[in-house]
Amino acid sequence: MLKNQILKQYFGYDTFREGQAEMIDSILNGRDVLGIMPTGAGKSLCFQVPALVFSGITLVVSPLISLMRDQVQALVANGIPAAFINSTLSSAQTAKAIDNARNNKYKIIYAAPERLDLPEFLEFLQRSDISMVTVDEAHCVSQWGQNFRPSYLKIRDVIEKLPKRPVISAFTATATSEVKEDIIRLLSLSEPGVLITGFNRENLSFEVKKPADKYRTVITYLKENPDKSGIIYCSTRKTVEEVCSRLIGDGFNATRYHAGLTEEERTRNQDDFLYDRKAVMVATNAFGMGIDKSNVAFVIHYNMPKNLESYYQEAGRAGRDGTPAECILLYGGQDVITNQLLIDSANDRDEMEPKMLELVKEKERERLKKMTYYCHTSDCLREYILKYFGERTVGFCGNCSNCNDNFEKTDITEQAQMILSCIARLKERFGIKMVIDTLRGSKSEKVLKLGLDKIKTYGIMSGVPEKRIRDIIHYLVLQEYLLLTNSEFPVVKLAARSKEVLQDNAKLSMKMPRENEAGNSLAKAA
Ligand code: ADP
Ligand code: ZN
């Protein structure tokens, strides 16, 4: 069956989302993949669809027991034979599940990493036709990642024990470049197709504030936005209690959530927020897992979280309905100290050996540093986040507090025309540097020897700083007016869209650092 048919018949959807078809095609071509997509982007379909195309069984390794159960239930409800094996099953149930699996009753089997080397299970795997091994939450294999799970290191050994090497697909919502490399290495992915997509949430605006009085900033915001529903995240239960009772005392319609409350109260407060009986939820990071409220208009962080993964996940609960929403981080120097203490004092993780624990902590400190830089940078905040997650960016988003303060929208039509026509006249034979040198009228030996000073666009941008031209060229590449070849020395070529500028006079603008009278960029000076 074709992938689109499967999508429709088993899942009831008509079209794939960004990245899904590409991932599925790679897998079906027998290529390992690593998909880095945020929560909710639709990772599951990327392995569930190929699992139905493959002749054999797909083994999905997942650490989240509750998620496993949900996914298996959803698959079974869609008519896909699936099962899970984890610590919630009794040994009789496990034996039964393995027995069923041996009799080819399942197409997809979920297993917790700790179960992989159960002798009966391993034996079953070795005797079966395993087409694919999918590793969900793949960042758990890395000490650089959040929630490092030593049992993830077993996955590779198990795969090596299989008679035929299956396709390996790995997925995660959070992977910095270190984590990405760890996943590839520790799972032995072979020349994987890596896809990082879906991190940019255009409807979210980002803001960092450093107020002397955080509480005052919150109530000012709430007063200015009286009809909006939102979450205020605090780092400790104590702060949740304080902020929530002050808000209620000041007449705001607020409720609270943290792990210290009874389950009954947590459920009640959560429902009050979900069903719009309370507008503001003051909570620790215990709140939000699996919560899908579409009309969250703001997420305020009363304290800086310990890393950008946490921050972006929590902030990302705003604006699920696609309408504009605000993510505001209230930074205070104390937040760094609190987080440092939290990292230093966590000593009871997964029975980790002291040496390993120290390494993990070191990496957490490193991630805390990057979170802290976010609060101090004067560059585009969205770009900072997207870069952290490894996604391509355009530089200035125009929808964050730094862009609004430091950047302005600039008409670049004329400059883009000059650049594109220069590239045309250079017959698309050179790299970015030569294009810039030609435009700026360089007298370098190379330029003169090649006779580039004779072409018509030589020197027409002589007054423009090299950096500016380079920024515009990068922008034109990202917007697909230009393309860079994949060779050792990349050559700039005109892409199909360049016609829009060269022939149809399309207007182009981009966000650039604001220039002051002296021509210095304020962004740099700040
Ligand atoms: P993730 O694992 O990335 O967090 P899920 O796989 O759970 O995300 O998907 C999130 C939601 O999006 C699910 O409700 C899923 O059914 C839905 N979804 C996934 N792919 C599509 C699609 N192509 N069209 C419509 N809905 C989709
Ligand atoms: Zn920005």
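Owing to the predicted nature of the structure, the values given are computational and were not obtained by experimental measurement. (Residues numbered from 1 in each chain as written. Chains lettered and ligands numbered in written order. Predicted model: local features only at pLDDT ≥ 70, side-chain atom pairs only at ≥ 80, totals over all residues. Heavy atoms only, no water.)

> I'd like to hear about the nonpolar core, residue by residue, with values.
Core analysis: the biggest nonpolar cluster contains 112 residues, and F121, F206, Y374 and I473 have the highest contact counts within it. The biggest single contributor to this core is helix α20 (residues 466–478), with six residues. When near neighbours in sequence (up to four residues on either side) are disregarded, F206 contacts Y311, Y312, C327, Y374, L381, R382, I385, N399, C400 and S401. One finds I6, F11, L75 and M132 within the second-largest nonpolar core, a separate group that totals 32 residues. (Core = buried A, V, L, I, M, F, W, Y, C linked by side-chain atoms within 4.5 Å. Buried < 20%, exposed > 50% of the residue type's maximum accessible area, 1.4 Å probe, protein only. Helix = DSSP H or I, 4+ residues; strand = E, 2+ residues; numbered from the N terminus. Contact = heavy atoms within 4.5 Å.)

> Could you give an account of the coordination of the zinc ion (ligand 2), naming the residues involved and the relevant values?
The coordination sphere of the zinc ion (ligand 2), as far as protein atoms go, consists of C380 (SG), C397 (SG), C400 (SG) and C403 (SG), spread over 2.3 to 2.4 Å. Classification of the site at the zinc ion (ligand 2) rests on its four donor atoms, whose angles at the metal span 102 to 117°, yielding the label tetrahedral. Spacing between the donor residues of the zinc ion (ligand 2) along their common chain follows C-x16-C-x2-C-x2-C. (Donors = N, O, S within 2.8 Å, 3.2 Å for Na, K, Ca; no water. Tetrahedral: all angles 85-135°; square planar, octahedral: opposite > 155°, others 65-115°.)

> For the site of ligand 1, give the residues involved together with the corresponding values.
In the neighbourhood of ligand 1, 13 residues make up the surrounding shell, with Y13, T15, G40, K43 and S44 lying closest. At 3.4 Å, a backbone N or O of A41 approaches an oxygen atom of ligand 1. Between ligand 1 and S44, the relevant distance is 2.7 Å, taken from an oxygen atom to a side-chain nitrogen or oxygen of the residue. At three residues, the largest contribution of residues to the shell around ligand 1 is made by helix α3 (residues 43–53). (Near = heavy atom within 4 Å. Polar contact = N/O pair within 3.5 Å; in protein donor to acceptor, adjacent residues only side chain to side chain.)

> Can you explain the packing of aromatic side chains? Please cite residues and give values.
Under the defined criterion, the tally for this structure stands at eleven aromatic pairs. Ring geometry for Y312 versus F389: centroids 5.6 Å apart, planes at 35°, classification tilted. Note that Y312 is positioned in helix α12 (residues 308–315) and F389 in the loop between α15 (381–388) and α16 (401–406), a separation of 77 residues in sequence. Judged by centre distance (5.3 Å) and plane angle (90°), the rings of Y388 and F389 are edge-to-face. By relative accessible area, F389 is classed as buried at 2%. In this structure an aromatic cluster arises from ring pairing among F199, F206, Y312, Y388 and F389. Of note, R246 hangs over the ring of Y215, and the distance from its end group to the ring centre comes to 3.9 Å. (Phe/Tyr/Trp six-rings, centres within 6.5 Å; stacked < 30°, edge-to-face > 60°. Lys NZ or Arg CZ within 6 Å of the ring centre and 35° of its normal.)

> I'd like a rundown of the pairing of strand β2 (residues 57–61), residues and numbers included.
With five of five residues buried, β2 is to be regarded as a mostly interior element. Sheet topology places β2 next to strand β5 (residues 130–135); five bridges connect them, and they run parallel. Pairing of V61 across the sheet is with V135, part of β5. Two strands pair when backbone bridges link them, and β2 and strand β4 (residues 108–111) are joined in this way by four bridges, in the parallel orientation. (Pairing = 2+ DSSP bridges.)

> I'd love a proper account of helix α7 (residues 154–161), names of residues and values included.
Along α7, the residues that are buried comprise I155, V158 and I159. When α7 is viewed along its axis, its buried side chains cluster within an angular range of 100° and face the same direction. Residues of α7 that are buried make contact with β2, α6 (119–127), β5 and β6 (167–172). (Arc of directions from axis to C-beta.)

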